[in-house]
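Structural description and commentary
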Amino acid sequence: MSKGIKSISNPHISINILSQEDIKTIHNKTLEIIESVGVRFPSSRALELWEENGAIVDRESQVIKASGNIIEGALKNAPSRYTLAARKSSQDLSLDGNHVYLGTDGCGVEVIDLNTGERRRSKLDDVANIALVADYVEEIAFNWVAVSAQDFPPESRGLHELLAIWENSTKHVQTESVYSIEEARAAVEMAAMIAGGKLELRERPPLSIMQCTTSPLGHDGGSLDAALTVAEAGVPVGFMTMASCLTTGPATLAGTIAVGNAEVISALALIQLAYPGTPVFYAAAQTASDPRSGVYTGGGPEDFLFGAATNVLADYYDIPLSMGAFATGAKEPNWQAGIDNSFSAFMASIVMSDMLLGVGLLHGSRIWSYEQMLMDCEIFDIVKQMMDGIIVNEETLAMEAIKSVGPGGNYLTQKHTLSHMRDLWLPKYMDRRPFSAWEKNQDGAKEWAKQEAMRILDTHQPEALDPNLSNELNQIIASVERE
Amino acid sequence: MHTELYNEMAKSVIDGEVDNAKNLALRALVEDIEPLDAINKGFVIGINDVGEKFSSGQCFLPELVMAGEAMKAALTVLEPEMAKRGTERKVLGNVVLATIQGDIHDIGKTLVGIMLSSNGFRVYDMGVDAHIDVLMQKSEEVEADIIAVSALLTTTMINQRTLIEQLSKSGLREKVKVMVGGAPVTQDWADEIGADGYSEDAIGAVIVAKQILGH
């Protein structure tokens, strides 16, 4: 049995990261970038759409320059609220600005094998197993394709991954691994069968799709075509910027935000020009490159600030956000992973980013670790508890208990204590044992998380997909492979 | 002789002054300085200095890249003159470099190119989405010692294998070493597809390139 979904809502704490004036300035500069510098759209379909809608299109460089009016006009059609559906309606996700939902990270290429402890290349079985654990864990609200099914051919791999997830989890799937028209068509067909029809797919899409931009100021042709294909069917689509200070973005944070914003809102505007009213979302995982080497860092104060700033922008456009958090640059679950993932999860959550990506990957989203996955869920749990804040009222001030205990003594036997002790947060993986108990095995979070992952894999029975439906979905995949 | 000018040349590279480096190279021609001397006694001293400071963490990547650009500007002026005189700069090897067919992510590839050229390799950067036959053609044309290909996607990574297969099929495999890189690429993958070298980053790529050519 799948359990419920734990999400963050009704926050009681907040931060001030960008003023309204800052946001307005960033927006205006973004429009200036799109209009005067332009953005590359290497897809003939996309270029035609831009031309039809009055943008200046250079066919040779595939760069479009669109006025602020075109961009703002198009974005006005984007719905501000919608639902990401699950196979089970009780697990539907309401993107209404008052929920933070957690997903798995993606798309890794290696897995730390639970049985051997060895790092090895990822395969389809891993996609299935991760989905099964994600199905069980309450903190996880939706699946990303966590690792790549490298034992399947590239042209249909993304579809095998989708099927493996649907077969092992009833929760929503957001894929970041469909990059061509053919795969996108098949993915839509599969999602429609899961939803129970084309109309149902529009109303309760069990699939959403995320494409990466190509920073600075560009897109991938296959990604654009795939996005347009799914948008036509009403499947929610988002674009993620991963602009990185110093290399694919300016060295300054504001500059990198503006570059990434130009990429994302130009792509979302294109989708709205093609299919007005289609659900779209903003997605981002900006970072800073290490100035000594240029490498992707996957953490650090810049990441954390981006995590909080981006939702303020997405709110300005009044569209949901899928925000890159977690995804530590650490090589193993350690001190660095704890810092990276705690701060990034906190900063992206406190501004109420609608979707958080995602748990489980190490080394800048390359290596899957079940231990990290479950420990990340605990971080989310802590953030959720903090965001519930401090409630001040008669009951929580506990005046009666205070009077009854008086100076000295303790509160252990108070009725008030009994009725509120379970409000206090409890860890699954933090070590609160006596020192002597720890000293015996010197174990801790990592070992316990590993045992828990193994237990879930051994015992959890996800709600199966109807075998006939599985069969039909397989046939759709096979038809792509025949082409 | 010309010590001051050589110093200025080195400094132009250290400061990453592209225009300055180019002008100093032109001045060398006007003053009839042997181009090879201008390179070895002037500009190379600068790039080596930046390289050392970069390795020890005193210099950051942008400074290294700008130094590389300045060096390139000087070479663009001096190399045609050397060709006229029948002299040649000693290079460690010819490298055909590209982001593999189907993939357009170029930042890592470009960094590798800068690192290799500032460390004495001659780099032919074939850009992004470089078709395998184009790479093979170029490799033959310039008698490449190394073909280096990057990929950011697991779906395009496959084409690194295809390149090696095609090289074997056409009998070119013996003539050229293949290096692979990119975020999803691992040593394990490099071994499986029979690549000669793999590096996680641009600095490592220089070490690997030197190694596989026996320098």
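Residues numbered from 1 in each chain as written. Chains lettered and ligands numbered in written order. Predicted model: local features only at pLDDT ≥ 70, side-chain atom pairs only at ≥ 80, totals over all residues.

1. Things to note about the overall build of chain A
- Secondary structure summary: chain A contains 18 helices and 20 strands in total.
- Dimensions of chain A along its principal axes, counting C-alpha atoms only, are 80 × 55 × 50 Å.
- Looking at chain A residue by residue over its 483 residues, the buried ones come to 53%.
- The contacts in chain A between residues at least 6 apart in sequence include a share of 75% that link residues at least 24 apart. (Helix = DSSP H or I, 4+ residues; strand = E, 2+ residues; numbered from the N terminus. Buried ≥ 20, exposed ≤ 12 C-beta atoms within 10 Å, placed from the backbone. Contact = placed C-beta atoms within 7 Å.)

2. Considerations on the overall build of chain B
- Along chain B, the regular secondary structure elements total nine helices and five strands.
- Beginning at the N terminus, the succession of helices and strands in chain B can be written as α-α-α-α-β-α-β-α-β-α-β-α-β-α.
- What you see for chain B is a C-alpha radius of gyration of 18 Å, in line with the 17 Å of a compact globule of 215 residues.
- With the C-alpha coordinates of chain B rotated into their principal frame, the extents come out at 55 × 40 × 30 Å.
- Looking at the 215 residues of chain B, the share that counts as buried comes to 51%.
- Of the contacts formed within chain B by residues at least 6 apart in sequence, a portion of 74% connects residues at least 24 apart. (Rg over C-alpha atoms; globule rule 2.2 N^0.38 Å.)

3. Remarks on the interface of chain A and chain B
- Taken residue by residue, the interface counts 19 residues in chain A and 18 residues in chain B.
- In the side of chain A that touches chain B, the residues fall into six nonpolar, seven polar and six charged. (Nonpolar A, V, L, I, M, F, W, Y, C, P; charged D, E, K, R; others polar.)

4. Focus: the packing of helix 1 (residues 20–37) of chain A against helix 9 (residues 253–274) of chain A
Residues and elements named next belong to chain A.
- Between helix 1 and helix 9, the least distance of the axes is 9 Å, while the angle of their chain directions is 60°. Classed by the angle they form, the pair helix 1 and helix 9 counts as oblique. Classified by chirality, the crossing of helix 9 by helix 1 is right-handed. Contacts from Ile26, Lys29, Thr30, Ile33 and Ile34 of helix 1 reach helix 9 at Ala254, Ile257, Ala258, Asn261, Ala262, Ile265 and Ser266.
- Broken down by class, the residue content of the contact of helix 1 with helix 9 amounts to eight nonpolar, three polar and one charged. (Axes fitted to C-alpha atoms, helices over the stretch in contact; angles between N-to-C directions. Parallel < 35°, antiparallel > 145°, perpendicular 65-115°, else oblique. Left-handed = near helix turned anticlockwise from the far one by under 90°.)

5. Some thoughts on the nonpolar core
- Ranked by size, the top nonpolar core spans 147 residues in total, and within it Trp50(A), Ala187(A), Ala191(A), Val230(A), Val235(A) and Leu356(A) carry the most contacts.
- The dominant element in this core, judged by the number of residues it contributes, is helix 9 of chain A, at 12 residues.
- Filtering out sequence-adjacent residues up to four positions away, Leu356(A) remains in contact with Val100(A), Tyr101(A), Leu102(A), Gly103(A), Met323(A), Ala325(A), Ala345(A), Ala348(A) and Ser349(A).
- Membership of the second largest hydrophobic core comes to 73 residues, among which are Met9(B), Ala70(B), Val112(B) and Val208(B). (Core = buried A, V, L, I, M, F, W, Y, C linked by C-beta atoms within 7 Å.)

6. A few points about the domain arrangement of chain B
Residues and elements named next belong to chain B.
- Each domain of chain B was delimited in the assignment, giving domain 1 (3–85) and domain 2 (93–212).
- Once you take the C-alpha centre of each, domain 1 and domain 2 turn out to be 27 Å apart.
- Elements supplying a minimum of two residues to the side of domain 1 that touches domain 2: helix 3 (35–55) and helix 4 (61–85).
- In terms of residues, the side of domain 1 that touches domain 2 owes the most to one element, helix 4, which gives six residues.
- Grouping the constituent residues of the side of domain 1 that touches domain 2 by class yields five nonpolar, two polar and one charged. (Domains from an automatic or database assignment.)

7. Regarding the domain arrangement of chain A
- Segmentation of chain A into domains returns domain 1 (1–389 + 425–483) and domain 2 (394–423).
- On a C-alpha basis, the centres of domain 1 of chain A and domain 2 of chain A stand 44 Å from each other.

8. Description of the sheet that holds strand 8 (residues 119–121) of chain A
All names here are of chain A.
- Spatially, 8-7-20-19 is the arrangement adopted by the four strands of the open sheet, whose pairing is mixed. At either end of the open sheet lies a strand with only one pairing partner, and these are strand 8 and strand 19 (361–362).
- In this structure, strand 7 (residues 110–112) lies alongside strand 8, joined through three bridges in antiparallel fashion. Considered in strand 8, the bridge of valine 111 is made with arginine 120. (Pairing = 2+ DSSP bridges.)

9. Here we look at the pairing of strand 10 (residues 172–175) of chain A
Residue and element names in this part refer to chain A.
- Where burial is concerned, the two faces of strand 10 agree: the one with His172 and Gln174 and the one with Val173 and Thr175 are both buried.
- The pairing of strand 9 (residues 140–144) with strand 10 spans three bridges and is classified as parallel. Opposite phenylalanine 142, over in strand 10, you have histidine 172 as the bridge partner.
- Between the parallel pair strand 9 and strand 10, the chain is carried across by helix 5 (residues 157–168), and the sense of this crossover is right-handed.
- Across three bridges, strand 10 lies against strand 11 (residues 207–214) in parallel orientation. Across the sheet, residue glutamine 174 finds its bridge partner in strand 11, namely serine 208. (Right-handed = clockwise from strand over helix to strand, strands pointing away.)

10. Notes on the environment of Ala74(A)
All names here are of chain A.
- As for its position among the elements, alanine 74 is in helix 3 (residues 68–75).
- Alanine 74 gets classed as buried once you count the C-beta atoms within 10 Å, which come to 21.
- Each C-alpha atom, one on alanine 74 and one on glycine 277, is 9.3 Å from the other, the two residues being 203 residues apart in sequence.
- Residues in contact with alanine 74, not counting those within four places in the same chain, are Ala269, Gln272 and Leu273.

11. A short note on the packing of helix 4 (residues 124–136) of chain A against helix 5 of chain A
Residues and elements named next belong to chain A.
- Between helix 4 and helix 5, the shortest axis-to-axis distance is 8 Å and the interhelical angle comes to 35°. Helix 5 is crossed by helix 4, and the crossing has right-handed handedness. Residues Leu124, Val127, Ala128, Ala131, Leu132 and Asp135 of helix 4 touch helix 5, and the partners they reach there are His160, Glu161, Ala164, Ile165, Glu167 and Asn168.
- Among the residues making up the contact of helix 4 with helix 5, the classes are represented as seven nonpolar, two polar and three charged.

12. Structural notes on helix 2 (residues 44–52) of chain A
Residue and element names in this part refer to chain A.
- Among the residues of helix 2, Ala46, Leu47, Leu49 and Trp50 are the ones counted as buried. The buried residues of helix 2 occupy an angular sector of 160° when the element is viewed end-on, so they sit on one face. Opposite the packed face of helix 2, turned more than 90 degrees from it, sit the exposed residues Glu48 and Glu52.
- Elements that come into contact with the buried residues of helix 2 comprise strand 2 (56–58), strand 3 (63–65), helix 8 (221–232) and helix 9.
- Looking one or two residues beyond helix 2, the residue adopting positive phi is glycine 54, at roughly 90°. (Arc of directions from axis to C-beta.)

13. A word on the sheet that holds strand 2 (residues 121–125) of chain B
Residues and elements named next belong to chain B.
- Strand order in the open sheet formed by five strands is 2-1-3-4-5, with parallel pairing between adjacent strands. Across the chains shown, the open sheet's two edge strands, defined by having one partner strand only, are strand 2 and strand 5 (197–198).
- The pairing of strand 4 (residues 177–181) with strand 5 spans two bridges and is classified as parallel. Bridging from a neighbouring strand, methionine 179 pairs with glycine 197 of strand 5.
- Where helix 6 (residues 132–141) meets the sheet, it contacts strand 1 (93–99), strand 2 and strand 3 (146–150), and its direction lies at approximately 165° from that of strand 1.

14. Regarding the confidence of the model for chain B
- Of the residues in chain B, 100% have a pLDDT of 70 or more, and the chain-wide mean is 93.
- This prediction of the complex comes with two scores: 0.93 for pTM and 0.84 for ipTM. (pLDDT = per-residue confidence, 0-100.)

15. Let's talk about the environment of Asn471(A)
- Structurally, the position occupied by Asn471(A) is in helix 18 (residues 467–482).
- In sequence terms Asn471(A) and Lys403(A) are 68 residues apart; their C-alpha atoms lie 67 Å from each other.

16. Describing helix 9 of chain A
- The end-to-end C-alpha distance of helix 9 of chain A is 32 Å, a good match for the 32 Å that 22 residues give at a rise of 1.5 Å each.
- In terms of burial, helix 9 of chain A is largely enclosed, as 18 of its 22 residues are buried. (Expected span 1.5 Å × (residues − 1).)

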